[in-house]
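Structural features, examined
The primary structure of each chain is shown beneath.
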Amino acid sequence: MTTTVATSNRQDEWKIEQGLSAAVLPVLDMTKPKTERLAIQTFGPLTKDEKAIKAVGNRDKLFAAERKGWAGFVEWENHPDKKAAAHKILTAQTFPPNPEFQLATIPDTNPVLPGTHWKMWHHAIGGELSRVPESSWETVLKEKHPDMLHLLQFPYNGEPPKRLATDQEVTPNSLHFVRNHGGIPIIEKQAYSFLLDGLVAKPRSFTLDELMDESKFPRMEKTITMQCSGTRRIEQILKYPGQGDEVPQAPWAEGAIGTARYVGVSLKKVIKACGGLKDGAKHLEFYGADTYFKDNKTMNYLVSVPWSKVKANEVMLAWEMNGEVLPKIHGYPLRVVVLGYIGARSVKWLYRIKAIEKPSRAPVQSQEYLYFPQQVGKHNFKLTDGIQIQEMPVSSAIVSPWTKQVVIHGGKIRCKGWAYSGGGRWPERVELSADGGFNWYAIPDQNLSKKRKWTWRTWSYELPCDVEGWVEIVVRCWDNALNTQPPEVRTAWNWGLHVTSSCHRISVYSVNKSRPLTKARLAEFEKAGIPFGPITVPLAFPAQGWDDYEKYWNEHDPRDAEED
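Residues numbered from 1 in each chain as written. Predicted model: local features only at pLDDT ≥ 70, side-chain atom pairs only at ≥ 80, totals over all residues. Heavy atoms only, no water.

When its secondary structure is counted, the protein chain shows 15 helices and 27 strands. By its C-alpha atoms, the protein chain is 100 × 65 × 50 Å across when sized along the principal axes. Classification of the 564 residues of the protein chain by burial places 48% in the buried group. A separation threshold of at least 6 residues defines the contact pool for the protein chain, and within that pool the share at least 24 residues apart is 70%. Accessible area for the protein chain stands at about 28200 Å²; split by element, carbon and sulfur atoms hold 52% of it. Charged side chains of the protein chain number 72 positive and 65 negative; the gap between the two group centres comes to 9 Å. (Helix = DSSP H or I, 4+ residues; strand = E, 2+ residues; numbered from the N terminus. Buried < 20%, exposed > 50% of the residue type's maximum accessible area, 1.4 Å probe, protein only. Contact = heavy atoms within 4.5 Å. Areas by Shrake-Rupley, 256 points an atom, 1.4 Å probe, with all protein chains shown as cover. Lys, Arg positive; Asp, Glu negative; His and termini not counted. Charge placed at Lys NZ, Arg CZ, Asp CG, Glu CD.)

Here it is, written out as structure tokens:
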């Protein structure tokens, strides 16, 4: 019988006090003689000014299709009037808050997070954006493996399950991770072209057929690992939450990385076809056809890379991925692939390249993907405190076993995973530890995939482990410049929750069957037909017979020592 107790506490008071419901914990203000408990942010009733929205005009006409054969595309950057109209629509109403997932429970669903605001913003703008959330999800279901883990439904963020992440040295298209920043435009090849302008001698447009003409542009083909700066973000979130809503800070695990063979042309050759750059041009700005939102403002997805990167033939325009036409979800008909850089610079659905003097001032470049110092947070940050993330640092991950998993073994734990370093560096050595990082075993070369510039190395290893009980398995990588990884996730924490490059650590419960007592006990479970896991369930039969128990104490000193 449940007894109801009269109390002033909340039902979940114990969980709150233990940090298990941290999203509702009050802020403590200790700047006054007596500590005050400050209320947390709450959201009032939703509002919508229909009159103001109607005054903007007919949304189907305002935000109509820009180009024939381009569905879901609105060109914002050349139309300040459209941007102003969209801003009025968004500010004339309020939207429900995004679900809290860093200080509260992560949903047991797939998709994990829905993309609440982004769906509503697209529908609020209307016109060509009306069906983009729905059509994008349809594309996901057509092009992606049925076992993909959908972290965010819209804009789509997805990674493969661990068991498939490193199964192959080159990631199949259907299992390659996706980090989209907006909806998926559907563009017909015969209707496609992009503009190269800005500080170039002869601005001009190019069709895909022109780029594919080998008499004009030499073919470029490379195997490239692409990594999201959010890879392994869940490790930061679980210990030290940070900046977020659900879109920029999706709870990525170890699968936000993938390797593919791309075919295309070097951007340097395309710029040469425009007569080269004018004096003062030091950066190339890429325009994506997807619609992006920031602070109630609507825009296209824009980022930039320095000319030095392009000049080194390390930026390609790609139309083929793993021997297939570039999938729609990965940027069909044409995308940018920036070798060794953060994935966010490899713009999909390219419709314009602009030569400029300084790095892009667009929000994705100047306000996001910033690596902040540890003392910087919501209370004090400035954008200029953050380093713009370009080259990816050395990193690695264990994809098997999984953390908190029970492993029955005979003295060696079978492990597998990946290692990577950006900027054209490569993993030279990968090491594993079964004791939290005190002793390390180098993985033999024959257990590592091929060594290449610009790509990861997948690995497997039978890690010696004599210990029983909880052990911490750790992986670290040394690249060819002898860079290695920070030891702890705390050393990698930053307000933006980017680049979890610390040594990847997992806790597993080691059960060593090479030990006689362990082998006998497991045989008892098998004979009784009782599953061994979970380990927290009490033992289902006596651990020791009473005859054996009494025999032990007859042959040994009693528990308490006697006085002389």
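Now for the pairing of strand β8 (residues 193–198). Where β8 meets strand β9 (residues 204–207), four bridges bridge the pair, whose relative direction is antiparallel. Bridge pairing in β9 places Leu195 opposite Ser205. Here β8 folds back onto β9, and the loop between the two strands holds five residues. Where β8 lies against strand β17 (residues 350–356), four bridges are found, and the strand directions are parallel. The residue bridging Leu196 from the neighbouring strand is Ile353, located in β17. (Pairing = 2+ DSSP bridges.)

Contact geometry for helix α5 (residues 116–125) and helix α6 (residues 132–143): axes closest at 9 Å, N-to-C directions at 130 degrees. Between α5 and α6, the angle is such that the two are oblique. The segment α5 lies against α6, with Lys119, His122 and His123 engaging Val132, Pro133 and Glu134. Here the residues of the contact of α5 with α6 are counted per class, giving two nonpolar, two polar and two charged. (Axes fitted to C-alpha atoms, helices over the stretch in contact; angles between N-to-C directions. Parallel < 35°, antiparallel > 145°, perpendicular 65-115°, else oblique. Nonpolar A, V, L, I, M, F, W, Y, C, P; charged D, E, K, R; others polar.)

Turning next to the sheet that holds strand β6 (residues 178–179). In any sheet, the strands associate via hydrogen bonds between backbone groups, in a parallel or an antiparallel arrangement. Taken in spatial order, the three strands of this open sheet run β4-β5-β6, and their pairing is antiparallel. At either end of the open sheet lies a strand with only one pairing partner, and these are β4 (149–152) and β6. Sheet topology places strand β5 (residues 157–159) next to β6; two bridges connect them, and they run antiparallel. Following the sheet pairing, Gly158 is matched in β6 by Val178.

For side chains of opposite charge, pairing can occur when their charged atoms come near one another. Enumeration according to the criterion identifies 29 salt bridges in this entry. When the shortest N-O distance is used, the salt bridge between Lys294 and Glu368 registers 2.9 Å. Highlighted residues: Lys294 in strand β12 (residues 283–294) and Glu368 in the loop between α12 (363–366) and β18 (370–371), separated in sequence by 74 residues. Note on Glu368: relative accessible area 12%, which makes it buried. Where Arg425 meets Glu391, a salt bridge forms, and the shortest distance between an N and an O atom there is 3.1 Å. Of the two residues, Arg425 is situated in the loop between β22 (412–420) and β23 (427–433) and Glu391 in the loop between β19 (387–388) and β20 (395–400); the sequence distance between them amounts to 34 residues. (Salt bridge = Lys/Arg side-chain N within 4 Å of Asp/Glu carboxyl O.)

Attention now moves to helix α14 (residues 516–528). Taking 1.5 Å per residue, 13 residues should reach 18 Å; α14 reaches 19 Å between its end C-alpha atoms and fits that length. Looking at α14, one finds that the buried residues are Thr518, Leu522 and Phe525. Buried residues along α14 cover an arc of 50 degrees about the axis, so they all sit on one side. Structural note: α14 exposes Pro516, Leu517, Lys519 and Lys527 on the side pointing more than 90 degrees away from its buried face. One or two steps after α14, the chain reaches Gly529, where phi turns positive at roughly 70 degrees. (Expected span 1.5 Å × (residues − 1). Arc of directions from axis to C-beta.)

Across the interface, helix α4 (residues 80–91) lies against α5 with an axial gap of 10 Å and an inter-helix angle of 120 degrees. The orientation of α4 with respect to α5, classified from their angle, is oblique. Both α4 and α5 take part in a crossing whose hand is right-handed. Where α4 approaches α5, its residues Ala86, Ile89 and Leu90 are matched on the opposing element by Trp121, Ala124 and Ile125. Counted by class, the contact of α4 with α5 contains six nonpolar, no polar and no charged residues. (Left-handed = near helix turned anticlockwise from the far one by under 90°.)

Let us look at unusual backbone geometry. Here the bond from Tyr332 into Pro333 is cis, since omega is 10 degrees, no more than 30 degrees from zero. Relative to the elements of secondary structure, Pro333 occurs in the loop between β15 (324–325) and β16 (335–338). Backbone geometry places Tyr369, a non-glycine residue, at a positive phi of 50 degrees. Inspection of the secondary structure puts Tyr369 in the loop between α12 and β18. Its relative accessible area of 5% is what places Tyr369 among the buried residues.

Another aspect to go through is the environment of Val394. Its location among the elements puts Val394 in the loop between β19 and β20. On the basis of relative accessibility, which here comes to 6%, the residue Val394 falls in the buried class. Note: C-alpha distance between Val394 and Phe541 (147 residues apart in sequence) is 49 Å. In contact with Val394, other than residues within four places in its own chain, are Tyr420, Ser421, Cys477, Asp479, Asn483, Thr484, Gln485 and Ser501.

This part is about the nonpolar core. With 115 residues, the main nonpolar core has Phe194, Leu196, Leu211, Leu267, Val270, Phe286 and Leu317 as its most contacted residues. Not counting residues within four places of it along the chain, the set of residues in contact with Leu267 comprises Leu196, Leu284, Phe286, Val310, Val315, Met316, Leu317 and Ile353. Among the nonpolar cores identified, the runner-up in size contains 21 residues, and Ile413, Ala434, Leu448 and Cys477 belong to it. (Core = buried A, V, L, I, M, F, W, Y, C linked by side-chain atoms within 4.5 Å.)

Turning our attention to the sheet that holds β12. Reading across from one edge, β9-β8-β17-β12-β13 is the order of the five strands in this open sheet, with mixed pairing throughout. At either margin of the open sheet sits one strand with a lone partner, and together these are β9 and β13 (297–306). Geometrically, the sheet is characterised by an average inter-axis angle of 25 degrees between neighbouring strands, direction not taken into account. Most of the contacts of α5 go to β12, to which it runs at about 85 degrees, and overall it touches β12 and β13.

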